[in-house]
Amino acid sequence: MPGDDHHKIDMTRTLRVLVTGGAGFLGSHLCRSLVRQRHDVLCLDNFYTGDKRNIIDLLNEPNFELIRHDIVNPIFLEVDHIFNLACPASPMHYQFNPVKTIKTSVMGAINVLGLAKRVKARVLQASTSEVYGDPQVHPQPEDYWGHVNPVGIRSCYDEGKRCAETLFFDYHRQNKVDIKVARIFNTYGPNMASNDGRVVSNFIIQALRDKPVTIYGDGTQTRSFCYVDDLILGLEKLMVSPDGITGPINLGNPVEFQVKELADMIIKITGSKSRIKQLPLPSDDPLQRQPDISQAKTQLEWEPVVSLEEGIENTVAYFQALLTAE
Ligand code: NAD
Ligand code: UDP
């Protein structure tokens, strides 16, 4: 919609913005971007998978505050916007304490929605492509209801996020809460936790150490990888989109790669001597994943611009510095 001012990020008005999960991978980039836009940023985190080092440079900024809090418990604050990102995101971390994962998704959603209702804030949910499970429709549009195992090892995350979406839409219908729901597809970049077992961080660290690069299964399963800067802009655009736009809306990079292609690219970029090592495919691991981003393109005028090669180069530089400092 050319000329529609709603699509531009409002740099003039200072907003009080709460970012739950603000010390995590995506949260730290979002906090930094909002601080630079001169908003008053409240970063809430229980440091379950987050790290103070991700936001250390922001601690001295007058428009940044850090609150240690578990979103499973209610919180009372005066804010205009809430980005609800609190939830472990990597399979290894969300499966470590699955009951806690589902509590974080469901009770966290209830608590941010209750807060939004009380103070009339706008609230954005970081949902996920996992709501589509192991999809039987490809690429995945938002009106696909998914193919999710309700009792498997990924269910604590997938069903927790699905229930959170339900809560968002029920609070919207029942209480007129101003909601935005983003379905985020695999995102990577600096500040990913080195120990969270995600494919991009695992492969880069293994390659930089000349250790075997661990491919689960035969490596023909696909993912579509979005660089963090692109994703953060998508979240910000969704947050300031017109009232009628609630989502759910897919945010991700539609360029699809096989996991073995990613491994080859990372070995090449790092100049590594690593060899491929095949390990068993974990259960319920989706075979293919690719977002249909037509809605984000038309409603938000958003699409990713960073290629996988460029994004991987930036991420390699980040992990190289991290490993050198160890
Ligand atoms: P992350 O694990 O790096 O960040 C999550 C943050 O939430 C961490 O700082 C963690 O300490 C915090 N947290 C966890 N439980 C909490 C609780 N009970 N109370 C308060 N804080 C808590 O993960 P991420 O990749 O930055 O993901 C952020 C959000 O985006 C998550 O909700 C995730 O489900 C969603 N998402 C991410 C991706 C991706 O590829 N990175 C894809 C889809 C969805
Ligand atoms: N994967 C892999 N080797 C690893 C880590 C992950 O082959 O060391 C695979 C994993 O089985 C999955 C894909 O890479 O098919 C993406 O995994 P990740 O944990 O990053 O995210 P998700 O499965 O949630 O998309």
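Procedures and definitions
Residues numbered from 1 in each chain as written. Chains lettered and ligands numbered in written order. Predicted model: local features only at pLDDT ≥ 70, side-chain atom pairs only at ≥ 80, totals over all residues. Heavy atoms only, no water. 1 Å grid on protein atoms, 1.4 Å probe; cavity = no way out; pocket = protein on both sides within 12 Å on 5 of 7 lines; lining within 4 Å. Points joined across faces, edges and corners; volume = space filled by probe spheres on them. Helix = DSSP H or I, 4+ residues; strand = E, 2+ residues; numbered from the N terminus. Nonpolar A, V, L, I, M, F, W, Y, C, P; charged D, E, K, R; others polar. Near = heavy atom within 4 Å. Polar contact = N/O pair within 3.5 Å; in protein donor to acceptor, adjacent residues only side chain to side chain. Areas by Shrake-Rupley, 256 points an atom, 1.4 Å probe, with all protein chains shown as cover. Pairing = 2+ DSSP bridges. Axes fitted to C-alpha atoms, helices over the stretch in contact; angles between N-to-C directions. Phe/Tyr/Trp six-rings, centres within 6.5 Å; stacked < 30°, edge-to-face > 60°. Buried < 20%, exposed > 50% of the residue type's maximum accessible area, 1.4 Å probe, protein only.

Here's the deal with the layout of surface pockets
For step 1, the next point in the chain: Volume-wise, the second largest pocket comes out at about 430 Å³.
For step 2, the next point in the chain: Contributing to the lining of the second largest pocket are 18 residues, with D51, R53, A193, S194 and N195 lying nearest its centre.
For step 3, the next point in the chain: Elements with a minimum of two residues in the lining of the second largest pocket: α2 (91–96) and α9 (308–325).
For step 4, the next point in the chain: The residue inventory of the lining of the second largest pocket, partitioned by class, reads eight nonpolar, seven polar and three charged.

Structural notes on the site of ligand 1
For step 1, the next point in the chain: What surrounds ligand 1 is a group of 29 residues, the closest being L26, D45, T49, Y157 and K161.
For step 2, the next point in the chain: L85 places a polar main-chain atom, nitrogen or oxygen, 2.9 Å from an oxygen atom of ligand 1.
For step 3, the next point in the chain: Between ligand 1 and C87, the relevant distance is 3.4 Å, taken from an oxygen atom to a main-chain nitrogen or oxygen of the residue.
For step 4, the next point in the chain: Protein contacts shield 97% of the accessible area of ligand 1, which totals 820 Å² for the unbound molecule.
For step 5, the next point in the chain: When contributions to the shell around ligand 1 are tallied by element, the ones reaching two or more residues are α1 (25–36), β5 (122–128) and α4 (155–175).
For step 6, the next point in the chain: Sorting elements by how many residues they give to the shell around ligand 1 places β5 first, with three residues.
For step 7, the next point in the chain: Classifying every residue of the shell around ligand 1 gives 14 nonpolar, 11 polar and four charged.

Digging into empty space enclosed by the protein
For step 1, the next point in the chain: Summed over the entire model, instances satisfying the criterion amount to two cavities of 30 Å³ or more.
For step 2, the next point in the chain: Here the second largest cavity is characterised by a volume of approximately 30 Å³.
For step 3, the next point in the chain: The wall of the second largest cavity is formed by N84, A86, C87, T104, S105, Q125 and K161.
For step 4, the next point in the chain: Tallied by class, the residues present in the lining of the second largest cavity amount to two nonpolar, four polar and one charged.

Considerations on the site of ligand 2
For step 1, the next point in the chain: Close to ligand 2 lie 18 residues; T214, Y216, R223, D285 and R289 are nearest.
For step 2, the next point in the chain: Between ligand 2 and the protein, one listed contact pairs an oxygen atom with a backbone N or O atom of Y216 at 2.8 Å.
For step 3, the next point in the chain: Interatomic distance of 2.7 Å between a side-chain N/O atom of R289 and an oxygen atom of ligand 2.
For step 4, the next point in the chain: Against a free-state accessible area of 520 Å², the protein chains account for coverage of 95% of ligand 2.
For step 5, the next point in the chain: At the level of secondary structure, the elements contributing two or more residues to the shell around ligand 2 comprise α5 (199–208) and β8 (213–216).
For step 6, the next point in the chain: For the shell around ligand 2, the per-class residue count stands at seven nonpolar, five polar and six charged.

With respect to the sheet that holds strand β6 (residues 178–184)
For step 1, the next point in the chain: Ordered by their spatial adjacency, seven strands build an open sheet running β3-β2-β1-β4-β5-β6-β11, and the pairing between neighbours is parallel. Each edge of the open sheet is held by one strand with a lone partner, namely β3 (64–68) and β11 (249–251). Adjacent strand axes in the sheet meet at a mean angle of 20° when their direction is disregarded.
For step 2, the next point in the chain: With five bridges connecting them, strand β2 (residues 40–45) and β3 associate as parallel partners.

Things to note about the packing of aromatic side chains
For step 1, the next point in the chain: For the coordinates displayed, the defined rule picks out six aromatic pairs.
For step 2, the next point in the chain: With a centroid separation of 6.1 Å and an interplanar angle of 40°, the aromatic rings of Y132 and F185 are classed as tilted. On the criterion of sequence distance, the pair formed by Y132 in the loop between β5 and α4 and F185 in the loop between β6 and β7 (187–188) is long-range, its members being 53 residues apart. With respect to burial, Y132 and F185 carry one shared label: buried.
For step 3, the next point in the chain: With a centroid separation of 5.0 Å and an interplanar angle of 75°, the aromatic rings of Y318 and F319 are classed as edge-to-face.
For step 4, the next point in the chain: Judged by relative accessible area, Y318 falls into the partly exposed class, the value being 21%.
For step 5, the next point in the chain: Joined through ring pairs, the aromatic side chains of Y132, Y144 and F185 make up one cluster.

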